[in-house]
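Reading the structure
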Amino acid sequence: QVQLLESGGGLVQVGGSLRLSCAASERTLSRYAMGWFRQAPGKKREFVAAISWNGGTTDYADSVKGRFTISRDNALITVYLQMNSLKPEDTAVYYCAAAPYITQTLAYDYWGQGTQVTVSP
């Protein structure tokens, strides 16, 4: 059974940084595109960032461009989301997901359980 396990969430002040990690249980996911999404209370789940299977292509939501960086280490089957200059509007549960190809849509095959990020004013 494929599992994605996020970690690294927490409480941070405005302007601070966090690095999220997502570890996959199956080596086959090293051939998948990986994405990060987030969902704030009362809002729809939204795309944050994605990376192709080999790391050669990345994509970001406009709201996080220049502040967030997605990367991956296929040897560890892990994807990262470095979040800098955090804002209160970044507060949400962050999910990682795996798909056959990079996309901003929710068409991902596998999802993690999520990790809470809270940015305090």
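Structural data are supplied above this passage.
Residues numbered from 1 in each chain as written. Predicted model: local features only at pLDDT ≥ 70, side-chain atom pairs only at ≥ 80, totals over all residues. Heavy atoms only, no water.

**With respect to the overall build of the protein chain**
The line we're drawing: In this text, helices come from DSSP runs of H or I with a minimum length of four residues, and strands from runs of E with a minimum of two, each type numbered from the N-terminal end. Radius of gyration here is computed from C-alpha atoms only, and the compact-globule reference equals 2.2 Å multiplied by the residue count raised to the power 0.38. Burial classification: accessible surface area is computed with a 1.4 Å probe over protein chains only, and a residue below 20% of its type maximum counts as buried, one above 50% as exposed, and the rest as partly exposed.
When its secondary structure is counted, the protein chain shows zero helices and eleven strands. Each helix and strand of the protein chain, placed in order from N terminus to C terminus, yields the pattern β-β-β-β-β-β-β-β-β-β-β. Taken over C-alpha atoms, the radius of gyration comes to 13 Å for the protein chain, in line with the 14 Å a tight globule of 121 residues would show. Dimensions along the principal axes, computed over C-alpha positions, put the protein chain at roughly 40 × 25 × 25 Å. Counting over 121 residues, the protein chain shows a buried share of 43%.

**What to know about the pattern of salt bridges**
If the charged atoms of two oppositely charged side chains come close together, the side chains can form a pair. Test applied: Salt bridges are identified by distance alone: a Lys or Arg side-chain nitrogen within 4 Å of an Asp or Glu carboxyl oxygen.
Using the criterion set out here, one finds four salt bridges in the structure. Two residues, aspartate 62 and lysine 65, come together in a salt bridge whose shortest N-O distance is 3.2 Å. Taking the relative accessible area as the measure of exposure, aspartate 62 reaches 65% and is therefore exposed. Among the ionic pairs, arginine 67 bridges to aspartate 90, the shortest N-O distance being 2.7 Å. In this pair, arginine 67 sits in the loop between strand S6 (58-60) and strand S7 (68-73) while aspartate 90 sits in the loop between strand S8 (78-83) and strand S9 (92-99), placing the two residues 23 residues apart along the sequence. The class for arginine 67 is buried, based on a relative accessible area of 11%. Overlapping salt bridges bring together Arg38, Glu46, Arg67 and Asp90 as one network.

**Looking at the state of the cysteines**
Short version of the rule: Only a pair of cysteine sulfur atoms within 2.5 Å counts as a disulfide in this structure description.
The full count for this structure, using the stated rule, is one disulfide. Note that cysteine 22 is cross-linked by a disulfide to cysteine 96, the S-S spacing being 1.9 Å. Around the S-S axis, the bridge from cysteine 22 to cysteine 96 shows a dihedral of about 45 degrees and counts as right-handed. Note that cysteine 22 is positioned in strand S3 (residues 18-24) and cysteine 96 in strand S9, a separation of 74 residues in sequence. Each member of the pair, cysteine 22 together with cysteine 96, is buried.

**Section: the pairing of strand S1 (residues 4-7)**
As a reminder, the rule being used: Only when DSSP finds a minimum of two bridges between them are two strands counted as paired.
Of the two faces of S1, only the one carrying Leu4 and Glu6 is buried; Leu5 and Ser7 on the other face are not. Both S1 and S3 contribute to a ladder of four bridges, which runs antiparallel. Pairing of leucine 5 across the sheet is with alanine 23, part of S3.

**Quick notes on the side chain of arginine 67**
Short version of the rule: Counting of polar contacts relies on pairs of N or O atoms within 3.5 Å, with two restrictions inside protein: one atom must be capable of donating a hydrogen and the other of accepting it, and residues adjacent in sequence are counted only when both atoms are side-chain atoms. Two residues form a contact once any of their heavy atoms are found within 4.5 Å.
A polar side-chain atom of arginine 67 sits 2.9 Å from the main-chain carbonyl oxygen of serine 63. For arginine 67, the residues in contact, after removing those within four places along its chain, are Gln82, Met83, Asn84, Ser85, Leu86, Lys87 and Asp90.

**Observations regarding the sheet that holds S3**
Here is the rule: Angles here are taken between N-to-C directions and fall from 0 to 180 degrees, while the axes themselves are lines fitted to C-alpha atoms, restricted in helices to the stretch in contact.
The strand order across the open sheet built from four strands is S1-S3-S8-S7, with neighbouring strands paired in antiparallel fashion. Strands with a single pairing partner mark the edges of an open sheet, and in this sheet they are S1 and S7. Strand after strand, the sheet turns through a mean of 15 degrees between neighbouring axes, direction not considered. Bridge count between S3 and S8: six bridges; the pairing is antiparallel. Bridge pairing in S8 places alanine 23 opposite threonine 78.

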